[in-house]
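Below are the chains, spelled out letter by letter.
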Amino acid sequence: MLFFMSKQRKVVDITFAKEGYKGVLEEIAGKGVCPFCPKNFSWHTEPILHRIGKWLITSNFCPYKHTKHHLLLIGEEHKENFAELTTKDLECVQKLTDWAIKEFSLKGGTLTHRFGATEVTGSTVCHLHFHLIVPEEGKTVQFPIG
């Protein structure tokens, strides 16, 4: 089920939302706004941990099962296509990732990013963002794609 900011612009897709998160997305969809744009960021209940340039890092308020750390890196500017990311954006993502590695003494993890059509990617929010995921020791984290 897709929801749109306007007739041309989808902002969230609840198709792949986990229980507990689906209700939040339905509320956001009812408002027709992007939950990751700064003026609408009130649905996110975790504190912003660090900022670099126009990007921030925060804990995911609805982390995947078996994560020791599930962080989100989110840009302030609404971008939906990979081609919209600039070298500066990618530098900020790299610096925030480096910060998190040092801050949490991460031995390893994964940095992942979905882009494009939500029906292909399994993403619930169209605003480009990255997931920095570290699993609990000896556990596997299922990160849905598609």
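Remember, predicted model here, so these are calculated numbers, not experimental data. (Residues numbered from 1 in each chain as written. Predicted model: local features only at pLDDT ≥ 70, side-chain atom pairs only at ≥ 80, totals over all residues. Heavy atoms only, no water.)

This paragraph deals with the overall build of the protein chain. If you tally the helices and strands in the protein chain, you get three helices and seven strands. Secondary structure of the protein chain in N-to-C order comes out as β-β-α-β-β-β-α-β-α-β. Computed over its C-alpha atoms, the radius of gyration of the protein chain comes to 15 Å, within 12% of the 15 Å expected for a compact globule of 146 residues. With respect to the principal axes defined by its C-alpha atoms, the protein chain has extents near 45 × 35 × 25 Å. Considering only intrachain contacts with a sequence separation of at least 6, the fraction spanning at least 24 residues in the protein chain is 57%. For the protein chain, the accessible area works out to roughly 8200 Å², and carbon and sulfur atoms hold 54% of it. Between the centroid of the 18 positive side chains of the protein chain and the centroid of its 16 negative side chains there is a distance of 1 Å. (Helix = DSSP H or I, 4+ residues; strand = E, 2+ residues; numbered from the N terminus. Rg over C-alpha atoms; globule rule 2.2 N^0.38 Å. Contact = heavy atoms within 4.5 Å. Areas by Shrake-Rupley, 256 points an atom, 1.4 Å probe, with all protein chains shown as cover. Lys, Arg positive; Asp, Glu negative; His and termini not counted. Charge placed at Lys NZ, Arg CZ, Asp CG, Glu CD.)

Pairing is possible between side chains that carry opposite charge, provided their charged atoms lie close to one another. Scanning the model with the defined rule gives four salt bridges in all. Between Glu77 and Lys54 there is a salt bridge whose closest N-O contact spans 2.9 Å. Taken together, the residues span a long stretch of sequence, with Glu77 in the loop between strand E5 (67-75) and helix H2 (87-103) and Lys54 in the loop between strand E3 (48-52) and strand E4 (55-59) at a distance of 23 residues. With relative accessibility at 45%, the residue Lys54 sits in the partly exposed group. Its salt-bridge partner being Lys79, residue Glu77 comes within 3.5 Å of it at the nearest N-O pair. Residue Glu77 is classed as partly exposed on the basis of its relative accessible area of 36%. Residue classification places Lys79 among the buried positions, given a relative accessible area of 10%. A network of salt bridges, in which partner residues are shared, links Lys54, Glu77, Lys79 and Asp89. (Salt bridge = Lys/Arg side-chain N within 4 Å of Asp/Glu carboxyl O. Buried < 20%, exposed > 50% of the residue type's maximum accessible area, 1.4 Å probe, protein only.)

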